[in-house]
Amino acid sequence: MRHGTIPGASGRVRPLTLLGDPVLHAPCEEVTDFGPELARLVEDMFATMYAARGVGLAANQVGVGRRVFVYDCPDDEDVRHLGHVVNPKLVEADGVTVRGPEGCLSLPGLEAGTPRFDHAVVEGVDLRGEPVQVHGTGWFARCLQHECDHLDGGVYTDRVTGWRRRRVLRAAAKAPWNV
């Protein structure tokens, strides 16, 4: 039996920002207010992530330029990782570099082979301002790096080069959501 509440159960689904929206391409600001507004944002982010069938979501992907992300992502051993990080900093990204398929809720329906390290460590705080440290390997390490990139104003296509980059950017330009 599950104890506690399910993240996002009381949240509202917010519209996703898409590639080209200025908030998606600007570094996010540190969170300084740890009150009910932050808790509501995190709850809404979980609801939005689940509705879009994602494994991670940064605040700027729902139009909020603050350093917060949520995740519900398995690693390569199929171990589920669930949580949120406020004011995250990617403090380690190392190990083997793996080029793997990567998509993004802000570029719906698209993906490209993107190089990422297979190990990552993120430090930050939780909703109460208590320190957290999140370790990820494999797919979950990719997720942590992806969400930290968002909060720095980047998207995965910034890490893709050559024909892969040209292909995904052409597809984005032709996508029905790109108006």
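An unreviewed UniProt entry lists the protein under the name Peptide deformylase, with Streptomyces atriruber as the source organism. Quoted verbatim from the Catalytic activity (unreviewed entry) heading of the UniProt record, the comment on the protein is "N-terminal N-formyl-L-methionyl-[peptide] + H2O = N-terminal L-methionyl-[peptide] + formate". Under the heading Sequence similarities (unreviewed entry), UniProt records this for the protein: "Belongs to the polypeptide deformylase family."

Enquirer: Honestly, the layout of surface pockets in this entry has me stumped. Any pointers?
Expert: Left-over empty space is what a probe sized like a water molecule reveals as it rolls over the atoms. As a volume, the largest pocket reaches approximately 290 Å³. Residue lining of the largest pocket: 16 residues in total, with G54, V55, G103, C104 and W139 positioned closest to the centre. Going through the elements one at a time, β3 (80–103) and α2 (138–151) are the ones with two or more residues in the lining of the largest pocket. No other element matches α2, which puts 6 residues into the lining of the largest pocket. Of the residues that constitute the lining of the largest pocket, the class distribution is 6 nonpolar, 6 polar and 4 charged.

Enquirer: Please clarify how the state of the cysteines should be interpreted in this entry.
Expert: Here is the idea: a disulfide is a covalent bond, and it sits between the sulfur atoms of two cysteines. Applying the stated criterion across every chain, the model contains 0 disulfides. This cysteine, C28, is not joined by any disulfide, and C148 carries the nearest cysteine sulfur, 11 Å off. No disulfide involves C148; its sulfur sits 9.3 Å from that of C143, the nearest cysteine.

Enquirer: What am I meant to see in the pattern of salt bridges here?
Expert: Should their charged atoms come close, side chains of opposite charge can pair. Scanning the entire structure with this criterion turns up 13 salt bridges. Across the pair D149 and R116 runs a salt bridge, and its minimum N-O distance is 2.7 Å. Remark: R116 occurs in strand β4 (residues 111–125) and D149 occurs in helix α2; sequence separation between them is 33 residues. With a relative accessible area of 13%, D149 lands in the buried category. Note on R116: relative accessible area 3%, which makes it buried. Overlapping salt bridges bring together E102, R116, R142, D149 and R159 as one network.

Enquirer: I tried to follow the UniProt feature "active site" (unreviewed entry) in the protein on my own but got confused; where do I start?
Expert: Mapped onto the present numbering, the UniProt feature "active site" (unreviewed entry) falls on E147. Locating E147 in the fold gives a position in helix α2. According to the relative accessible area criterion, E147 is buried, its value standing at 3%. Here E147 is in contact with G56, L57, A58, Q61 and F69, once residues within four sequence places are set aside.

Enquirer: Honestly, the environment of A171 in this entry has me stumped. Any pointers?
Expert: Turning to its location among the elements, A171 is positioned in helix α3 (residues 162–174). Spatially, the C-alpha atoms of A171 and T17 are 17 Å apart, while their sequence positions differ by 154 residues.

Enquirer: Can you help me understand helix α1 (residues 36–51) in this one?
Expert: Working note: α-helix, 3.6 residues per turn, so residues spaced by three or four point in the same direction. In this model α1 runs 22 Å from its N-terminal to its C-terminal C-alpha over 16 residues, within 8% of the 22 Å that 1.5 Å per residue would give. Regarding α1, the residues found buried are L38, L41, V42, E43, D44, M45, F46, A47, T48 and M49. Where α1 is buried, its residues meet β1 (56–58), β2 (68–74) and β3. Just past α1, the residue R53 takes up positive phi, approximately 60 degrees.

Enquirer: I keep staring at the side chain of D72 and nothing clicks. Help me out?
Expert: Relative to the helices and strands, D72 is located in strand β2. When sequence neighbours within four positions are dropped, the list of residues in contact with D72 reads M49, Y50, V55, R80, H81 and L82.

Rules and cut-offs
- Residues numbered from 1 in each chain as written.
- Predicted model: local features only at pLDDT ≥ 70, side-chain atom pairs only at ≥ 80, totals over all residues.
- Heavy atoms only, no water.
- UniProt positions renumbered as here; feature names shortened; annotations may be inferred.
- 1 Å grid on protein atoms, 1.4 Å probe; cavity = no way out; pocket = protein on both sides within 12 Å on 5 of 7 lines; lining within 4 Å.
- Points joined across faces, edges and corners; volume = space filled by probe spheres on them.
- Helix = DSSP H or I, 4+ residues; strand = E, 2+ residues; numbered from the N terminus.
- Nonpolar A, V, L, I, M, F, W, Y, C, P; charged D, E, K, R; others polar.
- Disulfide = S-S within 2.5 Å.
- Salt bridge = Lys/Arg side-chain N within 4 Å of Asp/Glu carboxyl O.
- Buried < 20%, exposed > 50% of the residue type's maximum accessible area, 1.4 Å probe, protein only.
- Contact = heavy atoms within 4.5 Å.
- Expected span 1.5 Å × (residues − 1).

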